[in-house]
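Below, each chain spelled out in residue letters.
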Amino acid sequence: QAERIAFEKTMLKAFEKLISLPDYGGQVYSLTPDFGNGEKNPNLITMEEYQELVDAHIMFKNMDADPYLKSAGIASDWPYGRGCYVSADKQFIIWFGEEDQLRIMCMKKGTMLNEVFDRLNAGLQVVESIDGIDFATSSQYGYVTSCPSNLGTGMRASVHIKLPNLTKDGTDKKAKKV
């Protein structure tokens, strides 16, 4: 529990730096009840606020409810050391204390994929510039993650494409043809 709190406090330095930048701004939402020894958590949110963030797909779900994460020890000490940073425009999000310890996401509507990657890269450079934030790497496997599908670059890219009228008739017949 103490290690998770220490990690969150280290990440707060990166979040403070992001919040100070006009291209990011934003806020930190934390589930950690307190930092121990009577130290209050200034970013603590209520369970109602947490559920709103989960419903909006901004925050991850309760890891303690997942038997696989529990059995692997990933959900230990829930909810200590868990939360997220969200940029002012809600397009850049960092989950901390989640399955891979950090999950850094950047999203944007439109067709300019390089803009998304450039912003992600700039945000990652801010995070990596903070003393005490080092990523686990292996000369053989690259970035080490708890999810084997993310080994190597530690990166996963997704593109959502809107296909108008694909299910306009109320069925998936056209989609199956594609």
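Data block above holds the structure.
Remember, predicted model here, so these are calculated numbers, not experimental data.

Student: Teacher, can you tell me more about the overall build of the protein chain here?
Tutor: Counting its secondary structure elements, the protein chain contains 5 helices and 6 strands. From first element to last, N terminus to C terminus, the protein chain shows the α and β order α-β-α-α-β-β-β-α-β-β-α. Over its C-alpha atoms, taken along the principal directions, the protein chain stretches across nearly 60 × 40 × 35 Å. In the protein chain, buried positions account for 34% of the 178 residues. About 11600 Å² of surface is accessible on the protein chain, with carbon and sulfur atoms providing 53% of the total. Side-chain charges in the protein chain split into 20 positive and 24 negative, and the spacing between the mean points of these groups amounts to 10 Å.

Student: Just to check I follow, could you spell out a positive patch on the surface for this structure?
Tutor: A surface patch of positive charge is lined by Lys168, Lys173, Lys174 and Lys177. Residue position: Lys174 is located in helix α5 (residues 173-177). Residue classification places Lys174 among the partly exposed positions, given a relative accessible area of 43%.

Student: Would you take a moment to explain helix α1 (residues 2-20) for this structure?
Tutor: Every α-helix winds through 3.6 residues per turn, so residues three or four apart in the chain are directed the same way. Over its 19 residues, α1 extends 27 Å from the first C-alpha to the last, a length consistent with the 27 Å expected when each residue adds 1.5 Å. Considered for burial, the residues of α1 that qualify are Arg4, Ile5, Phe7, Glu8, Thr10, Met11, Leu12, Ala14, Phe15 and Leu18. Those residues of α1 that are buried lie in contact with β1 (27-30), β2 (83-86), β3 (92-98), β4 (101-106) and α4 (113-128).

Student: Help me understand the pairing of β4, please; the structure alone is not making it clear to me.
Tutor: If a strand is regular, its side chains alternate between the two faces of the sheet. Looking at chain direction, β3 and β4 are connected through 6 bridges and run antiparallel. If you follow Ile93 over to β4, its bridge partner there is Met105. Following β3, the chain reverses through 2 residues before pairing antiparallel with β4.

About the criteria used
- Residues numbered from 1 in each chain as written.
- Predicted model: local features only at pLDDT ≥ 70, side-chain atom pairs only at ≥ 80, totals over all residues.
- Heavy atoms only, no water.
- Helix = DSSP H or I, 4+ residues; strand = E, 2+ residues; numbered from the N terminus.
- Buried < 20%, exposed > 50% of the residue type's maximum accessible area, 1.4 Å probe, protein only.
- Areas by Shrake-Rupley, 256 points an atom, 1.4 Å probe, with all protein chains shown as cover.
- Lys, Arg positive; Asp, Glu negative; His and termini not counted.
- Charge placed at Lys NZ, Arg CZ, Asp CG, Glu CD.
- Patch = residues over 30% accessible without salt bridge, like charges linked within 9 Å, V, L, I, M, F, W, Y side chains within 5 Å.
- Salt bridge = Lys/Arg side-chain N within 4 Å of Asp/Glu carboxyl O.
- Expected span 1.5 Å × (residues − 1).
- Contact = heavy atoms within 4.5 Å.
- Pairing = 2+ DSSP bridges.

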